[in-house]
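# Structural overview
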Amino acid sequence: MANSPQSKKRARQNEARFAVNKARRSRIRTFLRKVEEAIETGDKEAASAALKAAQPELMRGVTKGVYHKNTAARKVSRLSARVKSLG
């Protein structure tokens, strides 16, 4: 339990950051889900467009500290390989 004024403030800041990061993570997952759905339908045009929209979102998540750089790079690499393999 936070007792000192400093620790109370840190607790408030942590809650605020958690809310922001949660929203950002949710937004990124939505973009990734759109790519997955386009891949499932087999539509290469839609999948590549969705991937092109998802890449900057993922990298923005990296700069904001939501994802590690290598994690985002791995996700983009795997998705782009799957989009590329579509007919």
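Here, every reference points to the structure presented above.
Conventions and cut-offs
- Along each chain, residues carry numbers from 1 onward, in the same order as the chain's sequence is written.
- It should be noted that, the model being predicted, local features are given only for residues of pLDDT at least 70 and side-chain atom pairs only at 80 or more, the latter also being counted only at that level, while totals for whole chains, interfaces and linings use all residues.
- The basis for every side-chain value is the complete set of heavy atoms in the structure, and neither hydrogens nor water enter the calculation.
- The numbering of helices and of strands both runs from the N terminus, where a helix is a DSSP run of H or I of at least 4 residues and a strand a run of E of at least 2.
- As a reference, a globule follows 2.2 Å times the number of residues to the power 0.38, and the radius of gyration itself is taken over C-alpha atoms.
- Each residue is assigned to one of three classes by its accessible area relative to the maximum for its type, calculated with a 1.4 Å probe on protein chains only: buried under 20%, partly exposed between the two thresholds, exposed over 50%.
- Residue contacts are counted whenever heavy atoms from the two residues lie within 4.5 Å of one another.
- Surface accessibility in these figures is a Shrake-Rupley result with a 1.4 Å probe; residues are shielded only by whichever protein chains are displayed.
- Remark: nonpolar core denotes a set of buried residues (Ala, Val, Leu, Ile, Met, Phe, Trp, Tyr, Cys) joined through side-chain atoms within 4.5 Å.
- Residue count minus one, scaled by 1.5 Å, sets the expected span of a helix.
- The term salt bridge refers to a pairing of a side-chain nitrogen on Lys or Arg with a carboxyl oxygen on Asp or Glu at a separation within 4 Å.

What follows deals with the overall build of the protein. Each helix and strand counted, the protein has three helices and zero strands in total. Taken from N to C terminus, the helices and strands of the protein fall in the order α-α-α. Against the 2.2 N^0.38 benchmark of 12 Å for 87 residues, the protein shows a C-alpha radius of gyration of 17 Å, more extended than a compact globule. With the C-alpha coordinates of the protein rotated into their principal frame, the extents come out at 60 × 20 × 15 Å. Looking at the protein as a whole, 26% of its 87 residues are labelled buried. Residue pairs at least 24 apart in sequence account for 57% of intrachain contacts in the protein once pairs closer than 6 positions are excluded. Carbon and sulfur atoms provide 51% of the accessible area of the protein, an area that totals close to 6,300 Å².

Our focus in this paragraph is the nonpolar core. Grouped together as the largest cluster of nonpolar side chains are 19 residues, with contacts concentrated most on Val35, Ile39 and Leu58. Apart from the residues lying within four places of it in its own chain, the contact partners of isoleucine 39 are Ala47, Leu79, Arg82, Val83 and Leu86.

On to helix α1 (residues 5–41), then. Because each turn of an α-helix spans 3.6 residues, side chains separated by three or four positions end up pointing in the same direction. In this model α1 runs 54 Å from its N-terminal to its C-terminal C-alpha over 37 residues, within 8% of the 54 Å that 1.5 Å per residue would give. Three or more residues of α1 are buried, namely Asn21, Ile28, Phe31, Leu32, Val35, Ala38 and Ile39. At its buried positions, α1 is contacted by α2 (44–63) and α3 (69–84).

Before going further, it helps to spend a moment on the side chain of glutamate 57. Assignment of secondary structure puts glutamate 57 in helix α2. According to the relative accessible area criterion, glutamate 57 is buried, its value standing at 9%.

Now for the pattern of salt bridges. Applying the stated rule across the entire model yields four salt bridges. With its nearest N and O atoms 2.9 Å apart, the salt bridge here joins glutamate 36 to arginine 82. Placement of the pair is glutamate 36 in helix α1 and arginine 82 in helix α3, with a sequence separation of 46 residues. A salt bridge links arginine 60 to glutamate 57, with the shortest nitrogen-to-oxygen separation between them at 2.8 Å. Of this pair, arginine 60 and glutamate 57 both sit in helix α2, three residues apart, roughly one helical turn. On the basis of relative accessible area, arginine 60 is assigned to the partly exposed category, the value being 41%. Three or more residues joined by partner-sharing salt bridges are found here, namely Arg27, Glu57 and Arg60.

Let us now look at the environment of alanine 72. Examined against the element boundaries, alanine 72 turns out to sit in helix α3. Of the residues examined, alanine 72 reaches a relative accessible area of 0% and is grouped as buried. Sequence-wise, alanine 72 and arginine 60 are 12 residues apart; in three dimensions their C-alpha atoms are separated by 9.7 Å. When sequence neighbours within four positions are dropped, the list of residues in contact with alanine 72 reads Leu58, Met59 and Val62.

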